[in-house]
Every structure is written in C-alpha cells, then in structure tokens.
Amino acid sequence: MSRVVVERAGLLESAHRVHVAVVDSEGRLSASVGDAERVVFHRSAAKPFQAVPLVDDEVAERFALTTEELALCCASHSGEPEHEALARSILSKAGLDESDLECGPHLPLDRAAAEALLRAGGSPSAIHNNCSGKHAGMLALAVAHGWPTRGYIRQDHPVQVRMVAEMCRWTKLQEDEIGLGQDGCGVVSFATPLARLAGGFARLGGADGPPRQIVSAMCAHPFLVAGTGRFGTALGRAAGERLFGKTGAEGVFAVGANDGSFGMAV
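What counts, and at which threshold
- Residues numbered from 1 in each chain as written.
- Predicted model: local features only at pLDDT ≥ 70, side-chain atom pairs only at ≥ 80, totals over all residues.
- Heavy atoms only, no water.
- Helix = DSSP H or I, 4+ residues; strand = E, 2+ residues; numbered from the N terminus.
- Rg over C-alpha atoms; globule rule 2.2 N^0.38 Å.
- Buried < 20%, exposed > 50% of the residue type's maximum accessible area, 1.4 Å probe, protein only.
- Contact = heavy atoms within 4.5 Å.
- 1 Å grid on protein atoms, 1.4 Å probe; cavity = no way out; pocket = protein on both sides within 12 Å on 5 of 7 lines; lining within 4 Å.
- Points joined across faces, edges and corners; volume = space filled by probe spheres on them.
- Nonpolar A, V, L, I, M, F, W, Y, C, P; charged D, E, K, R; others polar.
- Axes fitted to C-alpha atoms, helices over the stretch in contact; angles between N-to-C directions.
- Parallel < 35°, antiparallel > 145°, perpendicular 65-115°, else oblique.
- Pairing = 2+ DSSP bridges.
- Core = buried A, V, L, I, M, F, W, Y, C linked by side-chain atoms within 4.5 Å.
- Expected span 1.5 Å × (residues − 1).
- Lys, Arg positive; Asp, Glu negative; His and termini not counted.
- Salt bridge = Lys/Arg side-chain N within 4 Å of Asp/Glu carboxyl O.

Broken down by element type, the chain carries 11 helices and 10 strands. Radius of gyration (C-alpha) of the chain: 18 Å, near the 18 Å computed for a compact globule of 266 residues. Principal axes of the C-alpha set define a box for the chain whose edges measure 50 × 45 × 35 Å. Looking at the chain residue by residue over its 266 residues, the buried ones come to 52%. For the chain, contacts bridging at least 24 residues in sequence account for 62% of all contacts bridging at least 6.

Empty space among the atoms can be located by rolling a probe the size of a water molecule over them. Looking at the largest pocket, its volume works out to about 320 Å³. If you trace the largest pocket, you find 14 residues lining it, with V40, E250, G251, V252 and V266 closest to the centre. In terms of residue class, the lining of the largest pocket is built from 8 nonpolar, 2 polar and 4 charged.

Their axes nearest at 9 Å, the elements helix α1 (residues 47–56) and helix α7 (residues 158–171) cross at an angle of 105°. Judged on the interaxial angle alone, α7 and α1 are roughly perpendicular. For the pair α1 and α7, the contacting residues are F49, Q50, V52, P53 and D56 in the first and R162, M163, E166, M167, R169 and W170 in the second.

Strands sit in the order β5-β7-β6 across an open sheet of 3 strands; the sheet is antiparallel. The sheet is open, and its two borders are formed by β5 (39–41) and β6 (179–182), each paired with just one other strand. When the angles between neighbouring strand axes are averaged without regard to direction, this sheet yields 30°. Where β6 meets strand β7 (residues 188–193), 4 bridges bridge the pair, whose relative direction is antiparallel. Paired with G179 across the bridge in β7 is A191. Sheet contacts for helix α8 (residues 194–205): β5 and β7; angle to β7, the most-contacted strand, approximately 105°.

For the rest of this paragraph, the subject is the sheet that holds strand β3 (residues 20–23). Read across the open sheet, the 5 strands follow the order β4-β3-β10-β9-β8; overall the sheet is antiparallel. Strands at the two margins of the open sheet, each flanked by one partner only, are β4 (29–33) and β8 (243–247). Neighbour to neighbour, the strand axes of the sheet diverge by 10° on average, direction disregarded. Where strand β9 (residues 253–257) meets strand β10 (residues 263–265), 3 bridges bridge the pair, whose relative direction is antiparallel. The residue of β10 that forms the bridge with G256 is G263. Packed on one face of the sheet, helix α11 (residues 231–239) meets β8 and β9 and runs near 15° to β9.

What follows concerns the nonpolar core. Counting 71 residues, the largest nonpolar core has L70, L101, F190, L197 and I214 as its most contacted members. Apart from the residues within four sequence positions on either side, L70 is in contact with L54, V55, A60, L65, Q213, I214 and A217.

Let's shift gears to helix α6 (residues 132–145). For α6, spanning 14 residues, the distance from its first C-alpha to its last is 20 Å, which sits close to the expected 20 Å at 1.5 Å a residue. Burial within α6 is extensive, with 11 of its 14 residues counted as buried. Listed in full, the buried residues belonging to α6 are S132, G133, K134, H135, A136, G137, M138, L139, A140, L141 and A142. Structurally, α6 contributes buried residues whose contacts are with α1, α2 (59–62), α3 (67–73), α4 (81–93) and α7.

Attention shifts here to empty space enclosed by the protein. Scanning the model with the defined rule gives 1 cavity of 30 Å³ or more in all. The computed volume of the largest cavity comes to approximately 60 Å³. Around the largest cavity, the lining residues are Q50, A51, P53, L54, C73, K134, G137, M138, L141 and M163. Listing elements by their share of the lining of the largest cavity, those giving two or more residues are α1 and α6. Here the lining of the largest cavity is built from residues that sort into 7 nonpolar, 2 polar and 1 charged.

Here we come to the side chain of K134. Here K134 lies in helix α6. For the buried K134, which has no salt bridge, the nearest side chain bearing the opposite charge is D183, at an N-O separation of 4.2 Å. Once you skip the residues sitting within four places of it in the chain, K134 turns out to touch K47, Q50, L72, C73, D183, C185 and V187.

Function cannot be read off these values alone, since they describe shape.
Right, here's the structure in full:
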C-alpha cells in the first residue's frame, strides 16, 4: 500500500493511502502508484472539460469573455474580490445576475475575504461559492443556445446533458461507463478510473483549435483558478506555460502538460 504519513513530535498522527496514474494522450500508463484504475469522482477536477463548450460553441466569442473569465469558469476559487468581480462580469455579459446562480452560498474560502465581508455587514451568497465561475459559464452556455436558465443544474437539463457528452469526449468512455452523482454545488459529478481522468488532461493539453483557449487561460491565470495561498496557484506560477492543474474534492488533483505529453491524476 502506498501512503503519505503525517507525523507530529515523532509520532504518527495520520496516514493517507495514495493512488496516482500518469498516462499519455493515448491513455497508455507511464507510471503509477497504488491502483491506477481506482474509480474516483472527479469533482472540481472536471471543470476544465466543462468549460470547453464555451469555446467550442462560440459562447466566449458571442459574449466577449476574456481569458481571465475563461480561467474563472475552470476555477474552484477562493472568493476573493477579483474572483467575485469576474463571476459578476460573466453573468452580466449573458444578461443575467447573481440571482440566476443555483450553486448555493458559502463564505469565501479565503480567510481575509471572508473576514472583510463579515466586517462590512455582508453575508455569504452564491457569488462567493467557489464554483460560481463554472455556474456562470454554464448559464452563459444555456443563454447562447436558447435553453432555459432555471434548473440548469438538473441532470436532465441540456446543459448537464452536454457536460456528460463532454466527459465522454475527453475520457474516451461511453456514457454508461461513467458514474454520475451530484456535486456539492448541485451539478452532475463524474466518476471514472483515475487513469481516465489523467488521460483526459493529457488530451486537453495537446488539443488543437478552440479547446486550446481553456488550457491557455488556466496557464496564464493560476490565481484565478484557485486563490491566495492555494497549491494550484503555486503550481501554476512555478510551472508557467508548461503545466495546468486543477484540484477536486476529497484529495483529487489532476495535472496536464501543455504539449499533451502526459496527464497525471491523484
């Protein structure tokens, strides 16, 4: 069993089993730790794939979404002022506002931003949700296609149907081979073998055409994809244009090479 241990004063405090898969864009396993075929929910690590329809369907062009706004659509952001402003901007460009978000409220993940909000007499709202960028992008997709905006988080809504198809595209799995659940923000969450998530990041990193915009946005703006003091921000700044990475919940993290040479999922 592969594991990471945490010690305090020389005593074992906790131990965590680790599974890692590294694959190329053809899905060939290059290296692994633990079980590379372990089925995991991608959770927020799926966000780069969920943002691809914005560029493939020319939604970004129609609403003049900036590179920064595309990065936020991939984010599990910390709710800092820059994140909040971009989420509001995406919604405004699509003719919507915060009331259209169905992701639910929570305090900003960034402590300073949360304290500033409370000191000002404010209260947490959906715009502070770490998934508000993704939800704003999904709403823009609905508006662009003429789909209803209400209920866009439901599994049978055209937006979520499109998300499932997008996951099939990047993981190279059939729909009935992908486990479906509900994410913490209400939308559909996807479960696949760890190696399939890694392969998806490798393919996205090596993609041509519109999907390249998503990778470029994440590489250029790692702070917007994460936030102050976050591992994703530090990784992006250290790697520059070479890598793009995305955290998920429950210890999931995925990384892709910008040239498509490999993808890794933990």
